[in-house]
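The lines below spell out each chain.
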Amino acid sequence: MNCRILPHQFGDGPGQMALDEALLDSVGAAPESAVLRTYGWTRPTLSLGYFQPAELADDARWSDLELVRRPTGGGALLHHHEVTYAVVLPSTHRLARRGPELYRAAHAAIACVLSELGAPASRRGEPGSGPQSEPLGTAKPFLCFADRDAEDLVLLGHKLVGSAQRRRVGALLQHGSLLLSRSPFAPELPGLAELASLNAEAVDWHGRITAAIAEALELDPAPGSATPDELRDAERLQREVYRTDRWTRKR
């Protein structure tokens with residue numbers, strides 16, 4: 001299956017979420033090829049999961065962060081020193097109807113990249129990777145990277161990669177974050193710099209991650225860009241959805 005590899009792009013929260021959704025809509029309307037990209041964040045941002053109550057972000061701890069709501073579920077993510085990947089698959093792809101298998105394939109691809117660089121991360125659900133879930137009766141952590149899920153990618157017991165999905169007729173979006181280093185806004189969450197002394201900039205991960213995921217998903221990658229229609233749809237989504245309190249504080 002053909003796959004457009006978009007260039008690494010820095011932007012703010014509403015812009016990044018709008019483009020991810022515009023790509024999902026585009027592939028869903030013409031489910032013949034995939035899209036894969038990585039991106040960075042121009043300022044520290046807290047992204048809420050689709051179902052999270054907005055009041056959880058009113059803590060003074062997050063007052064200096066930009067706030068955006070994702071189209072995907074899961075816990076809140078602090079986007080600071082990290083790289084985010086997004087892959088959109090048409091429903092005809094063999095993994096598009098198997099959510100856990102797509103998580104595992106993408107995370108295994110990133111794990112291979114990390115292992116080659118001397119950071120042997122593994123799926124939390126594998127034996128010996130540490131606790132797989134919170135004890136029964138424990139409240140769900142607000143931050144996704146403080147939570148424990150079997151599909152997490154972990155190193156020395158600490159979560160390095162977490163992902164979430166959104167499904168539409170004809171297509172599936174999966175995006176996720178690779179934590180590169182500790183943020184002063186969440187010092188309890190170490191990244192690759194602290195756990196494995198890897199200090200690459202976010203943009204340096206683009207080629208490694210896109211190549212590894214494309215191979216793992218049996219995609220035929222080629223450099224590309226967002227189409228004019230996708231960019232127009234992303235601009236509309238920014239204006240009508242992701243930059244509005246109606247969306248951000250909807251729950």
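Rules used throughout
Residues numbered from 1 in each chain as written. Predicted model: local features only at pLDDT ≥ 70, side-chain atom pairs only at ≥ 80, totals over all residues. Heavy atoms only, no water. pLDDT = per-residue confidence, 0-100. Contact = heavy atoms within 4.5 Å. Helix = DSSP H or I, 4+ residues; strand = E, 2+ residues; numbered from the N terminus. Polar contact = N/O pair within 3.5 Å; in protein donor to acceptor, adjacent residues only side chain to side chain. Disulfide = S-S within 2.5 Å. Buried < 20%, exposed > 50% of the residue type's maximum accessible area, 1.4 Å probe, protein only. Pairing = 2+ DSSP bridges. Axes fitted to C-alpha atoms, helices over the stretch in contact; angles between N-to-C directions.

Looking at the confidence of the model for the protein
Overall, the predicted model of the protein reaches an average pLDDT of 92, with 94% of residues at or above 70. With pLDDT under 50 throughout, residues 129-137 is counted as low confidence; its partners more than four residues away or in other chains account for 18 contacts.

A short note on the side chain of Ser 163
Of note, Ser 163 is situated in strand β10 (residues 158-168). A distance of 2.6 Å separates the side chain of Ser 163 from the side chain of Tyr 85, its partner in a polar contact. Within the structure, Ser 163 has its side chain in polar contact with the side chain of His 107 (distance 2.7 Å). Ignoring any residue separated from it by four or fewer positions in sequence, one finds Ser 163 in contact with Tyr 85, Tyr 103, His 107, Gln 174, His 175 and Gly 176.

Regarding the state of the cysteines
Inspection of every chain in the model, using the stated rule, returns zero disulfides. There is no disulfide at Cys 3, and the cysteine sulfur nearest it, in Cys 112, is 18 Å away. When its relative accessible area of 2% is taken as the criterion, Cys 3 is described as buried. Overall, the relative accessible area of 47% leaves Cys 112 in the partly exposed class.

Some words on the sheet that holds strand β6 (residues 77-79)
Reading across the sheet, the three strands line up as β5-β4-β6 and stay open at both edges, with mixed pairing between neighbours. The open sheet has two edge strands with one neighbour each: β5 (66-69) and β6. Neighbour to neighbour, the strand axes of the sheet diverge by 25° on average, direction disregarded. Sheet contacts for helix α1 (residues 13-29): β4 (45-48) and β5; angle to β5, the most-contacted strand, approximately 20°.

Some thoughts on the environment of Leu 179
As for its position among the elements, Leu 179 is in strand β11 (residues 171-179). Each C-alpha atom of the pair Leu 179 and Val 83 lies 6.8 Å from the other, and the pair is 96 residues apart in sequence. Not counting residues within four places of it along the chain, the set of residues in contact with Leu 179 comprises His 81, Glu 82, Phe 145, Lys 159, Leu 160, Leu 189, Pro 190, Gly 191 and Leu 192.

Some points on the pairing of β11
Among the nine residues in β11, nine count as buried, and that is most of the element. Here β11 shows a buried face lined by Ala 171, Leu 173, His 175, Ser 177 and Leu 179 and a second buried face lined by Leu 172, Gln 174, Gly 176 and Leu 178. For strand β7 (residues 82-90) and β11, the ladder comprises nine bridges, and the chain directions are antiparallel. Bridging across to β11, Tyr 85 finds its partner in Gly 176. Two strands pair when backbone bridges link them, and β10 and β11 are joined in this way by eight bridges, in the antiparallel orientation. What sits directly across from Gln 165, in β11, is Gln 174.

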